[in-house]
Amino acid sequence: KQWYQRRVRGMQAEEMMISHLDNMGAKRVGTWRIECDTYTAIPNLSALSGKSFQLIHTSDNENLSFAISDQMGIVVAERSFDTILSKLGDSYQPNKMSRIEAKGKKFDMVDFSVKVGNIFVGPNFRCMVLEIEYRPISFTKDTLALMHEFLSIITATMPIAIPENLNHLNTSKQLYQMSDTILQYVRIFSECRRAGNPMGMM
């Protein structure tokens, strides 16, 4: 149902894409944001040594928290989970230096929802991100061809790649869920953290 396109080309890429969508008649419908913090186990706890997880919040559903393990397992909980987490300071602590966020603008184009934004690791720009959603259908395998065509129209000069977890969903009859979107962002965030130079291709 949703597809991410990554290309690091400088912050002007977002402005160019927004202008392109405006010229195509897309309707601006607001802004969006996803925030990700990494929690790492306290070093002196041998049982948890080296363990970490990502905690993600999204403006699409501010009542939920998403916790993702190193093995890409995901737990979806009410936002009150953050209160519980704050009491685990003797086990896990957030790494403020690795905080990452994606933010930008939302558009509607008939049955498609399009999000355009930039990803920042701390204060540093890393890449532009583009999210596509085809709202009428929630079975990924029934929409990939249609989204591929739509994406090729609005990003004619960008390479297209199917995210790993969409390949899996494409071969099953599972409904697409918000957790699938979150897992895609986790993979993109990991790539951004590894990228030392914010210019070039990803």
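The structure reproduced in this document is the subject of the present report. (Residues numbered from 1 in each chain as written. Predicted model: local features only at pLDDT ≥ 70, side-chain atom pairs only at ≥ 80, totals over all residues. Heavy atoms only, no water.)

**Thoughts on the overall build of the chain**
In terms of helices and strands, the chain carries five helices and eight strands. Each helix (α) and strand (β) of the chain, taken in turn from the N terminus, gives the series β-α-β-β-β-β-α-β-β-β-α-α-α. By residue count, 46% of the 202 residues in the chain fall in the buried class. Looking at the chain alone, contacts between residues at least 24 apart form 63% of all its contacts between residues at least 6 apart. A total accessible area of about 10400 Å² is found for the chain, and carbon and sulfur atoms account for 52% of it. (Helix = DSSP H or I, 4+ residues; strand = E, 2+ residues; numbered from the N terminus. Buried < 20%, exposed > 50% of the residue type's maximum accessible area, 1.4 Å probe, protein only. Contact = heavy atoms within 4.5 Å. Areas by Shrake-Rupley, 256 points an atom, 1.4 Å probe, with all protein chains shown as cover.)

**Observations concerning the pairing of strand β6 (residues 92–109)**
Looking at chain direction, strand β2 (residues 27–41) and β6 are connected through 13 bridges and run antiparallel. Its bridge partner lying in β6, Trp 32 is registered against Gly 104. By the bridge criterion, ten bridges tie β6 to strand β7 (residues 112–121) in an arrangement that is antiparallel. Bridge pairing in β7 places Ala 102 opposite Ile 119. Two successive antiparallel strands, β6 and β7, enclose a turn made up of two residues, where Val 110 displays a positive phi of approximately 55 degrees. (Pairing = 2+ DSSP bridges.)

**Some points on helix α5 (residues 178–194)**
Between its first and last C-alpha, α5 extends 25 Å over 17 residues, near the 24 Å set by a 1.5 Å rise per residue. Buried residues of α5: Ser 179, Asp 180, Thr 181, Ile 182, Leu 183, Gln 184, Tyr 185, Val 186, Ile 188, Phe 189 and Cys 192, and no others. (Expected span 1.5 Å × (residues − 1).)

**Here's the deal with the nonpolar core**
In this structure, Ile 56, Ile 68, Ile 100, Ile 119, Tyr 185, Phe 189 and Cys 192 are the most contacted members of the largest nonpolar core, which totals 20 residues. Elements with a contribution of two residues or more to this core: β2, β4 (61–69), β6, β7, β8 (124–134) and α5. Among the elements that make up this core, the one with the highest residue count is α5 (seven residues). Excluding residues that lie within four positions of it along the chain, Phe 189 makes contacts with Ile 34, Cys 36, Ile 56, Ile 100, Ala 102 and Ile 119. (Core = buried A, V, L, I, M, F, W, Y, C linked by side-chain atoms within 4.5 Å.)

**Section: the packing of aromatic side chains**
Going through the model one piece at a time under the given rule, you end up with six aromatic pairs. With a centroid separation of 3.9 Å and an interplanar angle of 0 degrees, the aromatic rings of Phe 112 and Phe 150 are classed as stacked. One end of the pair, Phe 112, is in strand β7; the other, Phe 150, is in helix α3 (residues 144–154), with 38 residues separating them in the sequence. Both rings, one in Phe 120 and one in Phe 125, keep their centres 6.1 Å apart while their planes meet at 70 degrees; by these two values the pair is edge-to-face. (Phe/Tyr/Trp six-rings, centres within 6.5 Å; stacked < 30°, edge-to-face > 60°.)

**Thoughts on the pattern of salt bridges**
Two side chains of opposite charge can pair, provided their charged atoms sit close to one another. Going through the model one piece at a time under the given rule, you end up with ten salt bridges. For the salt bridge of Glu 101 with Lys 103, the shortest nitrogen-to-oxygen distance reads 3.4 Å. The class for Glu 101 is buried, based on a relative accessible area of 16%. Note that Lys 115 and Glu 131 form a salt bridge whose closest N and O atoms lie 3.8 Å from each other. Here Glu 131 lies in strand β8 and Lys 115 lies in strand β7, a separation of 16 residues in the sequence. For the pair Lys 115 and Glu 131, one class covers both residues: buried. When salt bridges with common partners are traced through the structure, they connect Arg 33, Glu 35, Asp 37, Arg 99, Glu 101 and Lys 103 into a single cluster. (Salt bridge = Lys/Arg side-chain N within 4 Å of Asp/Glu carboxyl O.)

**Observations regarding unusual backbone geometry**
A positive phi angle is found at Met 72, which is not glycine, with a value near 70 degrees. Position of Met 72 among the secondary structure elements: in the loop between β4 and β5 (74–78). The phi torsion at Val 110 lies on the positive side, around 55 degrees, for a residue other than glycine. With respect to the helices, strands and loops of the structure, Val 110 is situated in the loop between β6 and β7. Judged by its relative accessible area of 75%, Val 110 falls in the exposed class.

**Focus: the side chain of Glu 14**
As for its position among the elements, Glu 14 is in helix α1 (residues 12–23). The buried charged residue Glu 14 lacks any salt bridge partner; its closest oppositely charged side chain belongs to Lys 105, at an N-O distance of 5.3 Å. A polar contact of 2.8 Å, which involves the side chain of Glu 14, links it to the side chain of Asn 118. (Lys, Arg positive; Asp, Glu negative; His and termini not counted. Polar contact = N/O pair within 3.5 Å; in protein donor to acceptor, adjacent residues only side chain to side chain.)

**Focus on the environment of Ile 100**
As for its position among the elements, Ile 100 is in strand β6. Take Ile 100: its relative accessible area is 0%, and that puts it in the buried class. Taking the C-alpha atoms as reference, Ile 100 lies 8.8 Å from Pro 123; in sequence the two are 23 residues apart.

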